[in-house]
Structures are given as C-alpha cells and as structure tokens.
Amino acid sequence: MISSLNRDRVIAFLMLLPSIVLVAIFVYGFIGWTGWTSLTNSNALQQLSGQPAQFVGLQNYTELFAGMLNNRFRIDIVNTVFFTILFIALCLSLGMGLAMLLDQQVKGESIFRTIFLFPMALSFVVTGVVWKWLFNPSSGLNVLPTFIGLQPFRFEWFISEQRWLEFNWQDLPQILAIILLGVVVLAALIAWSRKRSQLAALLAAGAILLIALISFEVPRQLNALSRPETHGFNLALFAVVVAAGWQMSGYTMAMYLAGLRGIPEELREAARVDGATELGVYRHVVLPMLAPITLSAMIILGHISLKIFDLVYTLGGGDNLWIDMPGINMFFTTFRAQEFARGAAIAMIMLIMVAVVIVPYLATQLRSEVER
Amino acid sequence: MKAPRLISLILVLALAFGLVSGASAQDVSGDLEIFSWWTGGGEEAGLNALIERFSELYPEVNVINSAVAGGSGVNARAVLTTRMLGGDPPDTFQVHAGEELNALWVEAGLMEPLNDIYEENGWLDDFPQGLLDLISDDEGNIYVVPVNIHRSNVLWYVPGNLEEWGVTVPADWDEFLNTTCPALQEAGVTPLSVGENWTQAHLWESVALAELGAEGYNGLWNGETNWASPEVVGVFETFGQILDCTNEDRNALTWQDASQMVAEGRAAFNVMGDWAAGYFLVDLALEPGEGFAWAPSPGTEGVFMMLSDTFGLPKNAPNPEAVRAWLSFLGTPEAQDIFNPLKGSLPANTSANIDDPELYNAYFQEAYEDWTTNVIVGSQAHGAVAPQAFTNGFANIIATFAADRDAASASASAAELALQTGVGR
C-alpha cells in the first residue's frame, strides 16, 4: 500500500517536473533577470559591445521617481491610478446592470448575451483603431448631435488637454499622508462603534501621530523632486475608459450572470415571503452573494488595466502623454531609447503594482482551497 | 620568348577571370537577408524594384526581404537590436546615416568598414564629402552605403490657395507669426498644420535651424551651443508661438493627415520632409507647382537639413560575399535611379541621372540643386545628429512643452538630456 503511494508520488512529481522547470526558468528566472537588470546600467551600446553591466543599485528607480527627465513615468503612474479606478468602476456597474436586466427572463436573452459579450472577442488593437476613429474630435462621435440639429459635442476625447484634480508631485507625500490619516480615522471610528476600544485607542494614537507629522511638514521633506511638477486627472483618459469599458463590460456581465444563476431561487422566494420588495431582494440577498464575483472581476480587470498597452498605443499613437501608460513608456525606454536597465526598472514597478492586486487574492484562494 | 608570352597569357587570363568574377560574380550565391522598415507605398515598391534588378544580376543569390512594419522604424529597430544581441544578425540592415549608425553600431564595433567597395567603384568622388563624413569614423573608415537623401526642412503649400487668402510664403518665422498667421486666422484657415508628437519634433528642428542658424544648430550636436542658453530658450518660445498657429487636433493626426489638410485647403502651410512630395504626387495625384508647391521652411533658405537611409555589413553576417555584391550594386547610379524615383527621394550618388525629368520631377530637380549648393546639416528627428536615447527623451520634452509651454524648463530638460545621452561630447 505504502509503496504504491510512493510510486504515485514519484510519478506525479515526474509529471509535474517539466512544467516546474519551464516555469522556474521562463517565468521566475526571467523576473529575477529583469530585477537584476534594473539594478545595473545596462543599455544597447554596453550590451552590443560586450562590456559587463555595472551595478548601480537603485539609481534607475530614484531617477524614475525624482529624475528631471522622467516626468513621463510620473504621468504614467498617475494616469494608471485614475484609469484603473474608473475602468473597474465602469465595467462593474455596467456589467452588473446588464446582468440584472438579462436576469429578468427577457425574451431572446441568448442573443443579447452574445451581443454584449462580442466586443471581448476583439483584440485591443482593433478596439483602439475603431475608437480612434469614433473619438476623432472633428468627425467622430462629436458630430452625432448634428444629425438631429443640435450643436456638436466640444469634448476632444483622447487629445483633450483638460485636467482635473491638479496637484504638485512634490506634495505627493503630504497628500498620501493625509489620505492615510483619513483611512486611520475611519478605521478608528469603526473599531469604536464595534466596542473594540483597545484597537480604537491604538488607531487614534496613530491618527494623532500622523496629524503631528503632517503639521510638522515631515512628509513634505520626503519630496525628492527639484522643481514643481503638475499632475492630475487627464480628461483624455475618459476616451480610454470608454473604449476599454466597451470591450470588457460584457465579460463582467457574463461573470455576474453566472453568479446570479448560482443563487438558488428558494432564497429569493424566502425573502419575498418575508415581505422584501424586489429592490430589497437585490440589496439584501443577491448583492451580498455576488461579492466573491465582484472580487474576482476586480482582480481580472485590475491586472488588465495595470498592464494595458495595445489599446492606448493604437488609440493615442504612442507619444500622447495625456493617456500614456507605464507599459508604453517601458516599450519606448527599452527599445526606442535602448536603455534596457531603465526599461527593466519600469517593468519591475509594473510587476509590483500587479502583485499588490493579485497576491492577496491568490493567497486567500489558496487558503480556502486548503481549508476545503 | 616563350616564357614572357606565357606570363602575359596567364596575366590576361587572370585579368579576364578577375573581371568576370568582379562584374557578374557567378561565385556569389546563397541567401541574402535584407532587413528594413520599408513595408508600404513607394518605399516598398523601391525596395522590391532593387531586389528584382539585383536578382537579375546575381541569379544565384536568394534574396530574403525581412522588413518589419510599424512605428516608423521603432519596431524594426527593436527586432534588430534583439537579433544583434542574440548573435543572429541579418546580412544587411537599414539604418539612418549619422548618429543612429555611429553612436550604436559603429561604437560597439559591429560594422565592417567598406572602404574597398568605395575604392573599387570610385565612389569616393561620387558621394558628397558631407555625407561621407556622416557615415565614417575618425580614422576614415566608411561603414555603410547610402541609398537616398531626404530633405527635412521643407514648407509645403498650395499656391492658388495662398493667393485666394492673400498671403505669401513667409521668409522667416517672425513674418509668419506677425503677418501670415493673424491674416490666415482671420480668414478662418489653420495657418500651419502639424500632426502627432514626432511631426512636432520635426517642426521643432526646422524652427531651431532658423533661429540658431546652421552653425548654432550644429553647435547643439557638437557641444558648442549650450542647450540651456537663452538662444535655445528663445527657440522653444518661438516654437510655442508657432504651435498656437497650428491645428488643435494635432495629436490625433498622422503626418499624412497634416499634409492632406494643406492639399484640401483646410490649412495653409505644413512643414514636413520631402517624402510629402511623394504623398502629394502619388496618393493625392497633384501636379507639382500647381497642386502643391514648396519652399525651404521659414528662415532656412540656403540650408539643407538632410537625412539618409543606408545599408551596411554587420560583423558575423552569414553571407558577407552576397552583402558586398548587394552594397556594390546599391551605390551605383543605376540602383539609385531605380529606387529613388519610386521612394520619392534624391539619389545620394552624384553621378545618378538627376537631370532626367522622366525619373525625377520638378521638386527633386530643384531640391538637388539645393543639395549640391547649400550648407548641409543633419536632422535630429531622424537620427542624423543625435543618438536614439536623445530622440526618445526629446519626444517627452516636446510633449511636455506642448502641454505646459514652459520654455525655460524645456530648455533645461533638453540640456540635462543632452548631458545624459552624451550629445555634444
């Protein structure tokens, strides 16, 4: 008995070995190599002439965050944050809305489902080109109102130079500290309302410490940029959000629809018997049960938006900083400027951003699987 | 008596054999992989015509055209760099004459000198010295064979439209900003059309050339003009005022779109390289001189800002014999006259048949006159005077400046960029 178990294990291990080796080399090995490259001064000339790359520590990273010439990278980071938030919000709300409508036992549901899912079958490149035409300020969507005798829209979509929520990059540590303060205060209030006074006191102490730090301008001294640099939410990003949302909300709808179908009818019936209105059924029964779906959708949409390249490249043509994303900057830095180390540093930062989203999710998934 | 006769016979035979092998080269065979980013329009037609003629001359050589499309060469250069790093060079590849060649491929010692080809064919006298300087190192080794010449500082317009709007071709940017631009704006016409980021950088170099003069402009690249100087700040200021006279949707347009605005009468002027002549002629079917006309960009009369496509022989090329045959063919007047009328560019070889109006239209006749008489400077936006890293960083500076219009900051950034990328050393 025992020997056969051992044999099974050996066979299982041997079966897994090729993929373990391949993944170890081609995924983790190359991540490690990229990480190493990002700590050197590697570039095309040095590589081509066969000289060894020199170790420069974190210089590439400090250049990206504080270097005079790398404002493009900082624009990218700000753009990514705003784009990710809006894109996920649009896809989730649109996806859920469509799913709920389709859940009303409408006629021809499968036709609608196919129509809504269809954009997902396209490549982002196609989406980018099509929406580039649609968004053309002088001939696209903007002239639609003129068909019914109205004035054309004036918004310039992906080439708009308008900007909301402007802030100075030098103030970023201060801003982040204030946001953190808000989170801590909120957490303290929640802890207090749940009668966990010890935790509340601890959080309150943290909040007071943060207030002190902010008022003594400690975060401001963390500023490493030598001159003011204005960033903000570029309205041109709306164009990317609409195009990407158009493509991905059908997918979110499919996920939600599957989730809705998974909710047993008995539960809804029970709620209705208890006197819940149709709205109440959704609010208190359906939505809470869809929470895991929302989390999965956020993870999937989040990693798409953080890594987005092709859509923005075809939509904006590459050097449109109003909608620029780190992926494009990485491509240009690596292959147009041929500064491999700087490009690798951007790649590592993108990896970290995605990891922040993915790793906690994977960890909880793994834990729940082990528990099962 | 017999011995000398025999010797002379052997000599004659050897000479004859040598000539045969030199001329039709039956011994050249195998694959020849030609790497370029010529994948569309006249460029592709020109390359294909070259390959066709080459295959007639060397039937034993199997030509592989591995062109990479897109990104005006960015994608191709990415592939090329990867292949060179991986030890898998193509037999020959396209590269812009100047720093794009020198700062990377020559600097890394990856190119074979081609002086013997030049000497064999007598090209040292046929190619202009200014061009040869751009493609050779300090020791006089020449590394590539140029196929064509383009001019960067050209102003395009439609003569009939200008008459209608009551404006003339501005002699300098002062006149453009103070007279031409307001008049055209009054008439509801875009004074100057421009497209996406790189076309703005292209416009910038023409403005810089006008404001700094040929010597000052060259100084940017050899270190004699300080990038942070008030003169360069002035260039950015003028450039900003010029941008105010351009179309607002520039970031949505390609260079073709911008040129088309002029042809369709929606804009008065456009600064673009002379590949626009091919676009006006072939794609839009306009008559040179009537449907479209040209002048040196304002303030650059007498200066020819050039760029040139070239091919070279990388070390470790799989089939160097075939490459030498290809390059020996590429520089001949015959090859230059096959390629350039199709691509819409000037021949680099001065013994090419430029006077033939069947081959070269009125624009090229005139441009060639300028090419041989003007002061020659190299284009920044197209790799002649600055390395890739500078061009990439400069794209950011132009985009940032177009948004914030901070001339002092743009000039300071450019100075820092020049320092970091070794421009002017």
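About the cut-offs
- Residues numbered from 1 in each chain as written.
- Chains lettered and ligands numbered in written order.
- Predicted model: local features only at pLDDT ≥ 70, side-chain atom pairs only at ≥ 80, totals over all residues.
- Heavy atoms only, no water.
- Helix = DSSP H or I, 4+ residues; strand = E, 2+ residues; numbered from the N terminus.
- Buried < 20%, exposed > 50% of the residue type's maximum accessible area, 1.4 Å probe, protein only.
- Contact = heavy atoms within 4.5 Å.
- Areas by Shrake-Rupley, 256 points an atom, 1.4 Å probe, with all protein chains shown as cover.
- Buried area = accessible area lost by both parts, 1.4 Å probe.
- Salt bridge = Lys/Arg side-chain N within 4 Å of Asp/Glu carboxyl O.
- Pairing = 2+ DSSP bridges.
- Axes fitted to C-alpha atoms, helices over the stretch in contact; angles between N-to-C directions.
- Arc of directions from axis to C-beta.
- Phe/Tyr/Trp six-rings, centres within 6.5 Å; stacked < 30°, edge-to-face > 60°.
- Lys NZ or Arg CZ within 6 Å of the ring centre and 35° of its normal.
- Domains from an automatic or database assignment.
- Polar contact = N/O pair within 3.5 Å; in protein donor to acceptor, adjacent residues only side chain to side chain.
- Nonpolar A, V, L, I, M, F, W, Y, C, P; charged D, E, K, R; others polar.

(A) Broad picture of the overall build of chain A. Helices and strands together make up the secondary structure of chain A, namely 15 helices and 2 strands. The buried share among the 372 residues of chain A stands at 42%. Counting only contacts in chain A whose residues sit at least 6 apart along the sequence, the fraction spanning at least 24 positions is 72%. In the structure as shown, chain A presents an accessible area of about 20800 Å², 71% of it carried by carbon and sulfur atoms.

(B) Local environment of the interface of chain A and chain B. Taken together, the contacts link 34 residues of chain A with 38 residues of chain B. On the chain A side of the contact with chain B, L48, L69 and R336 of chain A bury the most area, a combined 24% of that side's loss. At the boundary of chain A with chain B, the tally comes to 0 salt bridges. Elements with a minimum of two residues in the side of chain A that touches chain B: α2 (44–48), α4 (71–102), α13 (310–316) and α14 (326–336) of chain A.

(C) Up close: the sheet that holds strand β12 (residues 346–347) of chain B. Residue and element names in this part refer to chain B. Across the sheet, 4 strands lie side by side as β12-β5-β10-β13; this open sheet has mixed pairing. What marks the edges here is a single partner per strand, and that holds for β12 and β13 (375–378). Relative to β12, strand β5 (residues 148–151) is paired through 2 bridges, and the arrangement is antiparallel. Residue pairing in the sheet places I149 in a bridge with L346 of β12.

(D) Local environment of the pattern of salt bridges. Residue and element names in this part refer to chain A. Under the defined criterion, the tally for this structure stands at 21 salt bridges over all chains. With its nearest N and O atoms 3.2 Å apart, the salt bridge here joins E109 to R113. Placement of both E109 and R113 in helix α5 (residues 109–117) is noted, with a separation of 4 residues, approximately one turn of the helix. One continuous salt-bridge network, built from bridges that share partners, spans D103, E109, R113, R261 and R268.

(E) Quick peek at the sheet that holds strand β4 (residues 144–146) of chain B. All names here are of chain B. Pairing in this open sheet of 5 strands is mixed, and the strands run β2-β1-β3-β11-β4 from one edge to the other. Among the strands making up the open sheet, the edge pair consists of β2 (61–67) and β4. Averaged over neighbouring strand pairs, the angle between their axes works out to 30 degrees when direction is ignored. Judged from the 3 bridges that link them, β4 and strand β11 (residues 309–312) form a sheet pairing that is antiparallel. By the bridge assignment for β11, V144 is matched with G312. Taken strand by strand, helix α4 (residues 99–106) contacts β3 (92–96) and β4, and its axis lies near 125 degrees from that of β3.

(F) Representation of helix α3 (residues 59–66) of chain A in the model. All of the buried residues in α3 of chain A are N60, Y61, E63 and L64 of chain A. Angularly, the buried residues of α3 of chain A cover 160 degrees about the axis, an arc narrow enough to put them on a single face.

(G) Representation of the packing of aromatic side chains within the structure. What the rule picks out here adds up to 55 aromatic pairs over all chains. Measuring from centroid to centroid gives 5.5 Å for F390 of chain B and F394 of chain B, while their planes differ by 15 degrees, and the two rings are stacked. Note that F390 of chain B and F394 of chain B are positioned in helix α17 (residues 388–404) at a spacing of 4 residues, about one turn of the helix. Summarising the burial analysis for this pair, F390 of chain B and F394 of chain B share the class buried. The residue whose ring lies beneath R336 of chain A is F332 of chain A, and the NZ or CZ to ring-centre distance is 3.9 Å. The positively charged end of R77 of chain B is found above the aromatic ring belonging to W37 of chain B, 5.0 Å away from the centroid.

(H) Region of interest: the domain arrangement of chain B. All names here are of chain B. For chain B, the assigned domains are domain 1 (27–151 + 308–372) and domain 2 (154–306 + 377–421). Its C-alpha centre places domain 1 at a distance of 27 Å from the equivalent point of domain 2. In this complex, domain 1 contributes 23 residues to the contact, which on the side of domain 2 involves 21 residues. Buried area between domain 1 and domain 2, both sides added, is near 1900 Å², and the carbon and sulfur share of it is 63%. When the buried surface of domain 1 facing domain 2 is broken down by residue, H150, R151 and Y363 rank first, second and third, together holding 40% of it. If you look at where domain 1 meets domain 2, you find 0 salt bridges. Between domain 1 and domain 2 we count 11 residue pairs in polar contact (both at pLDDT 80 or more) in total. Elements that contribute at least two residues to the side of domain 1 that touches domain 2 include exactly α4, α7 (129–134), β5 and α16 (362–373). Ranked by residue count, the leading element in the side of domain 1 that touches domain 2 is α16, at 7 residues. The residue inventory of the side of domain 1 that touches domain 2, partitioned by class, reads 11 nonpolar, 6 polar and 6 charged.

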